[in-house]
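Working through the structure, step by step
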Amino acid sequence: MDWNFLTSIIAKTVFLMFLFLTGGHSIGIAHCSLFKDRLYNFKKTGKPDPSMDLALLTSLRRICAQNATVDLTANLDQNPFSSAVVDKSFYSQIMTHRGVLQFDQDVALDSLSKPTVEAIARSSDFNTKFGQAMVKMGAIQVLTGNQGQIRKSCRAIKLQL
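This text gives an overview of the structure that appears in the document. Small disclaimer: the values here were computed from a predicted structure and weren't measured.

So, on to the overall build of the chain. When helices and strands are tallied, the chain shows 7 helices and 2 strands. The N-to-C order of helical and strand elements in the chain reads α-β-α-α-β-α-α-α-α. Expressed as lengths along the three principal axes of its C-alpha atoms, the size of the chain is roughly 55 × 50 × 30 Å. Counting all 161 residues of the chain, 32% fall into the buried class. Counted over contacts in the chain with a minimum sequence separation of 6, partners at least 24 positions apart contribute 65%. A total accessible area of about 10900 Å² is found for the chain, and carbon and sulfur atoms account for 61% of it. Here the chain contributes 18 positively and 12 negatively charged side chains, and the mean placements of these two sets differ by 5 Å.

A side chain of one charge can pair with a side chain of the opposite charge when the charged atoms of the two come close. Evaluated as defined, the whole model comprises 3 salt bridges. For the salt bridge of R38 with D49, the shortest nitrogen-to-oxygen distance reads 2.8 Å. Residue R38 is found in helix α2 (residues 36-40), and its partner D49 is found in the loop between α2 and α3 (54-63); the two are separated by 11 residues along the sequence. In this structure, R38 and D49 share a single accessibility class: buried. In this structure, D125 and K129 form a salt bridge, with 3.5 Å as the shortest nitrogen-oxygen distance. D125 gets classed as partly exposed once you look at its relative accessible area, which sits at 31%.

Moving on, we get to unusual backbone geometry. One non-glycine residue, K43, lies in the positive phi region at around 50 degrees. You can see K43 is positioned in the loop between α2 and α3. The phi dihedral of K44 falls on the positive side, at around 60 degrees, and the residue is not glycine.

Time to look at the environment of P48. Looking at where P48 falls in the secondary structure, it is placed in the loop between α2 and α3. Residues P48 and D37, 11 residues apart in the sequence, show an inter-C-alpha distance of 7.5 Å. Sequence-distant contacts of P48, that is, excluding residues within four places in its chain, are made with R38, L39, Y40, F42, L57 and R61.

In this section: the environment of I27. Tracing the backbone shows I27 in the loop between α1 (3-21) and β1 (29-31). With relative accessibility at 33%, the residue I27 sits in the partly exposed group. Separated by 49 residues in sequence, I27 and L76 place their C-alpha atoms 6.5 Å apart. Beyond its immediate stretch of four places on either side in the chain, I27 contacts L76, S83, A84, V85 and V86.

A few words now on a nonpolar patch on the surface. A contiguous nonpolar surface patch, about 380 Å² in accessible area, is contributed by F15, F18, F103 and L112. Among the structural elements, F18 can be located in helix α1.

What follows concerns the side chain of Q78. One can find Q78 in the loop between β2 (73-75) and α4 (89-95). Separated by 2.6 Å, the side chain of Q78 and the backbone oxygen of N75 make a polar contact. Beyond its immediate chain neighbours, meaning those up to four positions away, Q78 contacts L56, S59, L60, Q93, R98 and V100.

Here is what the cut-offs are and how they apply
- Residues numbered from 1 in each chain as written.
- Predicted model: local features only at pLDDT ≥ 70, side-chain atom pairs only at ≥ 80, totals over all residues.
- Heavy atoms only, no water.
- Helix = DSSP H or I, 4+ residues; strand = E, 2+ residues; numbered from the N terminus.
- Buried < 20%, exposed > 50% of the residue type's maximum accessible area, 1.4 Å probe, protein only.
- Contact = heavy atoms within 4.5 Å.
- Areas by Shrake-Rupley, 256 points an atom, 1.4 Å probe, with all protein chains shown as cover.
- Lys, Arg positive; Asp, Glu negative; His and termini not counted.
- Charge placed at Lys NZ, Arg CZ, Asp CG, Glu CD.
- Salt bridge = Lys/Arg side-chain N within 4 Å of Asp/Glu carboxyl O.
- Patch = residues over 30% accessible without salt bridge, like charges linked within 9 Å, V, L, I, M, F, W, Y side chains within 5 Å.
- Polar contact = N/O pair within 3.5 Å; in protein donor to acceptor, adjacent residues only side chain to side chain.

Written as structure tokens, this is what we have:
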């Protein structure tokens, strides 16, 4: 058996599933604190992220003032006609440098994922493929009880004492 070939096929399948699951960002919001650095101090330059669409930058700065004391939110999908609907519009948004989160924008700009993002944006079967990816993710064994943890922030691991 050619394990390298098999590993390659599995990796491509998982990567494709991951790119479809990213479409979950076609609905939902992000707190300004998660992306404010892109608006005002990208990579500690004191400047905004140069890859961000200027109209998006202006719009997000209206919502997320630099010295705000309240952590407001913005839609992840900046298409006002579909920000509450799971659809492929999100992919068109990130292809035109309108990704709110750095992660989402990186997915559209990365040479490995860019062709797939473009294909998804043009596709007619996004909802089917997204649904299939969600079902596959749902089949992953969930840790329960003391085996897992419930997080207030997905990106912060709770330390076990």
